[in-house]
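# What the coordinates show
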Amino acid sequence: MAKKTEKEIKNIWTYDPAPESSDHIQLKDKYDLYIDGKWVKPESGKYYDTSNPASTKKIASIAYGNDKDVDKAVRAARKAYKNVWSKMEPSERAKYIFRIARIMQERARELAVIECMDSGKVIREARDVDVPLACNHFFYYAGWADKLEYAFPNQKVESIGVAGQIIPWNFPLLMAAWKIAPALAAGNTVVLKPAETTPLTALKLAEIIHEAGLPAGVVNVVTGFGDTGAAIVNHHDIDKIAFTGSTGVGKLIQRAVAGTNKRVTLELGGKSANIILDDAPLDQAVEGIVNGIFFNQGHVCCAGSRLFVQENVADRVIQMLKARMETLVVGDPLDKNTDIGAINSKEQLATINKYIEIGKKEGADMYQSHINLPKSGYYCAPTLFTNMSQSSVIVKEEIFGPVLTIQTFRTIDEVIQKANNTEYGLAAGVWTSNGARIFNLTTKLKAGVVWANTYNRFDPVSPFGGYKESGFGREGGLHGLKSYVKLS
Amino acid sequence: MERLSVLKTYKLYIGGAFPRTESGRYYELKNGKGENIANVCLASRKDFRNAVVAARKASGGWSERSHFNRSQILYRIAEMMETRRAQFIEELISQGISKSKAEVEVDLSVDRLVYYAGWCDKYTQVLSSVNPVSSPHFNFSTVEPMGVISVISDVKNGLLDLVSVVAPIIAGGNTVVVLAAEQYPLSAITFAEVLNSSDVPGGVVNILTGKRSELLKHMASHMDVNAIAYSGTSGEERKLIEIESVENLKRSCYIDENWNDKGAQGLKFIEMFQEVKTTWHPIENIGGATSSY
Amino acid sequence: MVNKTLSGVSDFTSLRIPIDKVGVEERVERFQKRSIKNGSKLEGLKLILNMIDLTTLEGKDTPSKVKQMCYKAQHLHDVHAGLPTVAAVCVYPNFVKLAKESLKGSNVKVASVATAFPSGQAPLSIKLEDTKLALDSGADEIDMVISRGKFLSGDYNFVYDEIAAIKEVCGEARLKVILETGELVTLDNVRLASDIAMYAGADFIKTSTGKISPAATMQVTYVMLTAIRDFMYKTGVQVGMKPAGGISNSKLALQYMVMLYETLGPDWMSNEWFRFGASSLANDVLMQIVKQETGRYQSADYFSID
C-alpha cells in the first residue's frame, strides 16, 4: 500500500486527548507510616518525595521508615497476631477480607487514577487490569479463610505468624493484594513495604483497611527505601518473607535469611520466551507479542521479552508487528487512549536506554515506532531488535522495559532448547493452531506459567511463579495459600 | 584348608556404572571392634561433578517416562531389595547396627519403596488443579519434577535414611546425586547394585561415598543442581548450604524426620521436589451455545 | 480483473488461515476502549456519514419509499450546513431505475443487491440475469451473495466460479461480495470466504445481507479487514470493506472507524474503500454531529426518518 507520511496520516484522523479526570482524587501532602492502626511519624523525622514520572512533578511527601519503625510495626503485627488475628474465628477473618475487597471496588476509579499518577502506567490498564485484579484477589482469598482444611486435606494447617512483605513498583496495588490477601486469609499478620517510587496506592489501601475496621496491627505499611526493606528481612521476629522484585535483591534476601528459620517466597525476574510457530493465528500472535512486551511499558517480570519466530513466517510477523507498533499511542498515562505510559523512574529509563545502546553496539538491528515522545517525563518508544544471538546481552538480561528481541528458529527442538537456555524460568508463550504441538511445547518449556495462544493473562485463581532463578513459591490460587501456612 | 573368601570392592555409582573415585582416595571403614572391613571410595568434587552430568543427562528421559512405568520400576527396586534382604541385614550389622534394628530397617526400606511405587501415577492428580479463571480460558496447574537434586543423607540409619529420601524424589521424576552417610557406605553401594539390576536407567540415581565436610559446599553450590535435600546437618552446615544455594536459587529443603517411624512418608516428600506449572489456553465460544441439560 | 492472482490455487483448503476467536475478541475490545473526543469525533462522524450505503431491502418497499430515501441521501439534514451526502443507496434491482433517476446530478451512487438476494438459492443463470437487470437499470455497484451452502459443504471452487462469473458481467460496476458471515459460523470460515471472494475478483467484501442474525459484528469485520490487508500485501490489489446490518449508532460506528484506522490505515479511510450498510445509522450520526457542534443533546423528533 502506498505509504503516507506520518503527517498525512495525522491529517486524516487522529485521536484527540481523552484524559481521565483526576479532580476527584484526594491526596494528602504528606503520608506517615501506618502502624498498629494509626498513622505515625517516622522515627527519623525524614520524608522523601514521590513524583509523577509522566511529569516529574512531586505528588506527596512520604515517610522514610527505618529499623526502629520496622521494629514498631513488627511488634504491632506480633501483638495483633497473638491476641487477635490468630484467635479470631476464621469465618470472621473472611468477612474482614471480603469487606476490604468491597471498599476497594467502591473506590476503584480513585485507586486507578492514583496508580497512574504515581507509577506512570496507563489508565486503561490500571482501570481494567490492576485494580479489578487486586479487588478480586481479596475476594478470592477471603473465602479461603474458613476453608483451609479443604485446601490441605489430611494435614494440620496453622498460620505462620508475622509476614514481612516487600513489593515492587510495576504493579504497586496488585502486588500488595497478592501479598496481603492470602497472608490474612491464612491467619497471619503483615508488615508491608511498598516500593519507594510507588507508595501511594499501598497507603490508600491502608486507608481502606482502616475503613474496613481491621483490628489494629494486622496490616502495617512501612514506606521507605532498600534499607527499610532490609530491616524487615533482618528483623528477628519475622516468620516469613515474601518478596517480589529483582533476582539480585532476591538473592540478597535469601543470603540474609540463611540459617534462620524464616520462610521465604521469591517472585523474581524473567526473560520469558514467546514462541510463534508457522501455523499460528498470526494476527492474534502479533497481538500476543504486543501484550507480551508492551503491557505496562514492559515493566512486567513475565514479559515476553524474547520473541522466537519460525523462520518461514518471520518476515511477515515482523512486518505485521511493526505496523501494529505504529498504532500504539505513547504518552500521557491518564489519557484513555494511551497504550504505553511513562517509564516508572529516571533510573529505570537510564537502565533501559543503557540496554538499547548495548543492543546497538552488539550489532543488532533496531526498530522503534515513529512516535513523538512527550517533552517532559520519562518515556521510551516501543523498541525491537532483530539479528542477534543467544549470547547477546540484550537477549540474556532482563531489561524491564518496552524492548523486544527477536530471533528466528527452524525446528521445534531448536526453539525449545533456545527458550530454556536461560537462568530464568518465569513464563513462556506458545502460538500454534496444532493442539498436539501446544502440549509438546508447554510440557517442555521450563517455566512456571505457560500461555498458549494468549499472553500476560492473570487471575486470582491462577498460580503464578517461576522455575530456576525466577524465584520459588507460587502466588494466586490454592497453591498461593501454601506459602502462608504451616502444615504438619 | 579353609577357603579364602573373595572380598567385595565398594565403588561409587555414577551414570549406571561403578567407577572408582577419580581421586584414587579411600577411607577405611571399621567395624565395632575397630577392624577394617572395607576400603571405601572417598569421592571428590570431580566425582560429584561427573555424577551431576550423569544425572542431568538422565533427567529428560526419566521425567518424560510414563508415570506408570516409573511406578513399575520403583516396585522392581523393592523386589530386588527383598531378594537381597539377608545381604543388607548382614552389611548393616557389619556397620555396627544391631540385628533386630537391621531387620526392621531393611523391611521398612522395602515397604517404603512399594509405598512410593504406588504414588508414581497418582501424585500428579492430587497436586494438580483446574483453575476457573474469569476470562474465556482453560487454565490448569500441574506439577513437574525440579530436575537434578543433591541429597545429603541423614546419618541415623544405615539404609533407611537414604531410601526414604531418594524414593519420593525419583518417584516424582527427578534424578539424584546422593552422598551416603559416611559411616554407612556399604549398604548404600549395595543399594546401588539393586538399582543397577532393577531397570532404573543409569544416571537416575547416583551414589557417592565420602566426607560430608568435603562435598557439602559443592553439592550446594553446583549451578546445574536444581534443589538440595539435606538431613542430619549441624546449624553451621545448614547455613553454609543455604548460602551456597543462593547463586542459582537452588531450592534447599531441610528434612528432619525420624524415618523409622512408619508414618514418615507421604505426598509432601514428593511435592517438595516438584515445580508447579500453570498453563492457559483460550476457549472459543461460538454463537452463545450453552451446554445446558 | 478476474482471476487476478489465483495462479497456483487449485484447492482453497490450502488457503485456510487459522483464527483464534478469543484473541480477536480481545483485539476488538481494545478498539472499543479507544475514547474518541472533540475534533476527532466530529471528523469521524462526518466520515461515517459519507460512508453510509443507505439501505432499504424489504418486501414491502414501495417506489415512494425509495424516492424518499434517495432524497434523504442528498439532503441529510439541511438545517445544518456543511454535511456530506451518504455514499450510496442500496436497493433491490426493481428499484434501481427509480433510484438512479432520483439521484441524478448527485454523487450518490446506486448499489443494487443481486444474485437471488438474500439466500442466493438460485441457479447461476438466474443470478446472472438478476445482475444484468440491475446493471441495465443503471446500478453503479452490485452487492451479490455467495452460496453459503456450497461453501459449508466444502465446494469452494463452486463459490469461486460463481463470484468470478458475476464479476465478469459487472464490467465497470464495482462488485461487493456478501459472505453472510452469520451463516458461516466460524471466523476461520469468514477468513477463507474473504480470501476466495477477493481472489475471484471482489472489489468489496461485505459481511451480511441484514436478513440473518448476527449481521455485522466487529469481530467478523476485523477478520475481514486483516484478510484485505494480507491480500493487499500478497497481490498489491486494494479491496474495500462493507460491514452491513446491526450498526445503528454513532458510538459503534466510531469503533468501526478506529478498527479500520488501526488495521488498514488511512488509505482505506474514504467511501471508496469502506462503507457502512445501514438504514438507521445516519440519523444517529446526524444527531451526534449536531450535538458536537452545538453542545446540545438532540431529540430524534428533529431528524426526518426517511
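Residues numbered from 1 in each chain as written. Chains lettered and ligands numbered in written order. Predicted model: local features only at pLDDT ≥ 70, side-chain atom pairs only at ≥ 80, totals over all residues. Heavy atoms only, no water.

## Some details on the overall build of chain A
What counts is decided by this rule: Note on conventions: DSSP H or I runs of at least 4 residues are helices, E runs of at least 2 residues are strands, and numbering of each starts at the N terminus. The quantity called the radius of gyration is restricted to C-alpha atoms. Its globule counterpart is 2.2 Å times the number of residues to the power 0.38. Between buried and exposed lies partly exposed: a residue is buried under 20% and exposed over 50% of the maximum accessible area for its type, with that area taken using a 1.4 Å probe on protein chains only. Note on contacts: a residue pair qualifies if any of its non-hydrogen atoms lie within 4.5 Å across the two residues. With residues, only the protein chains shown are counted as cover, and all accessible areas are computed by Shrake-Rupley using a 1.4 Å probe.
For chain A, the helix and strand inventory stands at 17 helices and 20 strands. For chain A, whose C-alpha radius of gyration is 23 Å, the value lies close to the compact-globule estimate of 23 Å for 488 residues. In terms of overall dimensions, chain A has C-alpha extents of about 70 × 50 × 35 Å along its principal axes. Of all 488 residues assigned to chain A, the portion counted as buried reaches 65%. For chain A, restricting intrachain contacts to residue pairs at least 6 apart in sequence, the fraction spanning at least 24 positions comes to 75%. Accessible area for chain A stands at about 16900 Å²; split by element, carbon and sulfur atoms hold 50% of it.

## Some remarks on the interface of chain B and chain A
Note the cut-off: Accessible area, probed at 1.4 Å, shrinks when two parts are joined; the buried area is that loss added up over both. Here, a salt bridge means any Lys or Arg side-chain nitrogen found within 4 Å of an Asp or Glu carboxyl oxygen. Whenever a nitrogen or oxygen atom comes within 3.5 Å of another N or O atom, the pair is scored as a polar contact, on the condition that within protein one atom can donate a hydrogen and the other can accept it, and that pairs from neighbouring residues in sequence are kept only if both atoms are in side chains. When residues are sorted by character, Ala, Val, Leu, Ile, Met, Phe, Trp, Tyr, Cys and Pro go into the nonpolar class, Asp, Glu, Lys and Arg into the charged class, and all the rest, Gly among them, into the polar class. In this analysis, strands are considered paired if DSSP registers two or more bridges between them.
Tallying the contact residues gives 32 residues for chain B and 41 residues for chain A. Summing both sides of the interface, chain B and chain A together bury roughly 3000 Å²; the carbon and sulfur share of this comes to 52%. The largest contributions to the chain B side of the interface with chain A come from Leu249, Lys277 and Trp280 of chain B, which together make up 22% of the buried area. At the boundary of chain B with chain A, the tally comes to 4 salt bridges. The salt bridge partner of Glu271 of chain B is Lys482 of chain A, with a shortest N-O separation of 2.2 Å. The tally of links between chain B and chain A comes to 23 residue pairs in polar contact (both at pLDDT 80 or more). Put simply, the parts of the chain that give the side of chain B that touches chain A at least two residues each are β4 (137–145), α9 (235–244) and β10 (274–282) of chain B. Split into classes, the residues belonging to the side of chain B that touches chain A amount to 11 nonpolar, 11 polar and 10 charged. As defined by bridge partners, strand β18 (residues 449–452) of chain A adjoins β10 of chain B across 3 bridges and the pair is classed as parallel. Opposite Val450 of chain A, over in β10 of chain B, you have Thr279 of chain B as the bridge partner.

## Description of the environment of Ala186 of chain A
Residues and elements named next belong to chain A. With respect to the helices and strands, the residue Ala186 is situated in the loop between α7 (172–185) and β8 (189–193). With relative accessibility at 3%, the residue Ala186 sits in the buried group. Along the chain, Ala186 and Arg93 lie 93 residues apart, while their C-alpha atoms are 9.0 Å from each other. Once you skip the residues sitting within four places of it in the chain, Ala186 turns out to touch Arg93, Leu148, Ser159, Tyr484 and Val485.

## So, the pattern of salt bridges
A pair can form between side chains of opposite charge whenever their charged atoms are brought close. All chains considered together, the criterion is met by 79 salt bridges over all chains. Between Lys121 of chain A and Asp130 of chain A there is a salt bridge whose closest N-O contact spans 2.5 Å. Asp130 of chain A shares its class with Lys121 of chain A; the two are buried. Taking the shortest distance from any N to any O, the salt bridge between Arg191 of chain C and Asp195 of chain C comes out at 3.1 Å. Here Arg191 of chain C pairs with Asp195 of chain C, and both are found in helix α9 (residues 187–199), just 4 residues apart, close to one helical turn. The same class applies to Arg191 of chain C and to Asp195 of chain C, which are both buried. Overlapping salt bridges bring together Arg124, Glu125, Glu287, Arg324 and Asp339 of chain A together with Arg27, Arg30, Arg34 and Glu262 of chain C as one network.

## Brief notes about the domain arrangement of chain A
Residues and elements named next belong to chain A. This is how it is decided: Domain limits in this description derive from either an automatic procedure or a database domain assignment.
Splitting chain A by domain gives domain 1 (30–268 + 468–487) and domain 2 (273–452). Between the C-alpha centres of domain 1 and domain 2 there is a distance of 30 Å. Interface of domain 1 and domain 2: buried area, both sides summed, is about 2500 Å²; carbon and sulfur atoms make up 57% of it. Put simply, domain 1 and domain 2 have 1 salt bridge between them.

## Some points on the sheet that holds strand β7 (residues 205–208) of chain B
Residue and element names in this part refer to chain B. Quick note on the threshold: Only the stretch in contact is used when a helix axis is fitted, and all axes are lines through C-alpha atoms; the angle between N-to-C directions ranges over 0 to 180 degrees.
The sheet built from 5 strands is open, its strands ordered β7-β6-β5-β8-β9 with parallel pairing. Strands at the two margins of the open sheet, each flanked by one partner only, are β7 and β9 (251–254). When the angles between neighbouring strand axes are averaged without regard to direction, this sheet yields 15 degrees. Two strands pair when backbone bridges link them, and strand β8 (residues 227–230) and β9 are joined in this way by 4 bridges, in the parallel orientation. Of the residues in β9, the one forming a bridge with Ala229 is Cys253. Each of β5 (148–152), β6 (175–179), β7 and β8 is contacted by helix α8 (residues 212–221), which is oriented at about 155 degrees to β5, the strand it contacts most.

## Digging into the side chain of Thr279 of chain B
Among the secondary structure elements, Thr279 of chain B is positioned in strand β10. Given a relative accessible area of 4%, Thr279 of chain B falls into the buried group. With residues near it in sequence (within four places) discarded, Thr279 of chain B still touches Thr442 and Val450 of chain A together with Phe138, Asn139 and Phe140 of chain B.

## Things to note about the pairing of strand β13 (residues 306–310) of chain A
Regular strands place their side chains on alternate faces of the sheet. Residue and element names in this part refer to chain A. Within β13, 5 of the 5 residues are buried, which leaves the element mostly enclosed by the surrounding structure. Residue alternation in β13 divides its side chains into two sets, Arg306, Phe308 and Gln310 and Leu307 and Val309, and both sets are buried. Bridge count between strand β12 (residues 273–276) and β13: 4 bridges; the pairing is parallel. By the bridge assignment for β13, Ile276 is matched with Val309.

## Notes on the interface of chain A and chain C
Residue-level contacts link 35 residues of chain A with 34 residues of chain C. Regarding the contact of chain A and chain C, the summed buried area is about 3100 Å², with carbon and sulfur atoms giving 51% of it. Counting the contacts that link chain A with chain C gives 15 residue pairs in polar contact (both at pLDDT 80 or more). At the level of secondary structure, the elements contributing two or more residues to the side of chain A that touches chain C comprise α1 (6–12), α5 (123–142), α11 (282–294) and α12 (311–326) of chain A.

## Let's talk about the packing of helix α2 (residues 38–51) of chain C against helix α12 (residues 281–294) of chain C
Residue and element names in this part refer to chain C. The cut-off we apply is this: Each angle is binned into one of four classes, with values under 35 degrees roughly parallel, values over 145 roughly antiparallel, values of 65 to 115 roughly perpendicular, and all other values oblique. Crossing chirality is assigned from the near helix's rotation relative to the far helix, an anticlockwise turn below a right angle marking it left-handed and a clockwise turn marking it right-handed.
It is the contact of α2 with α12, at a shortest axis distance of 10 Å, that shows an interaxial angle of 150 degrees. Between α2 and α12, the angle is such that the two are roughly antiparallel. Judged by the sense of rotation from one axis to the other, the crossing of α2 with α12 is left-handed. Facing Asn38, Lys41, Leu42, Leu45, Lys46, Ile48 and Leu49 of α2, the residues of α12 in contact are Leu281, Ala282, Val285, Leu286, Gln288, Ile289, Gln292 and Glu293.

## Focus on the state of the cysteines
Residues and elements named next belong to chain A. Formally: Any pair of cysteine sulfurs within 2.5 Å is marked as a disulfide.
Scanning the entire structure with this criterion turns up 0 disulfides over all chains. Cys301 provides the cysteine sulfur closest to Cys302, a residue in no disulfide bond, and the two sulfurs are 4.7 Å apart. On the accessibility criterion, Cys302 (0% relative accessible area) is buried. Here Cys380 is not disulfide-linked; the sulfur of Cys301 is the nearest cysteine sulfur, at 19 Å. Judged by its relative accessible area of 2%, Cys380 falls in the buried class.

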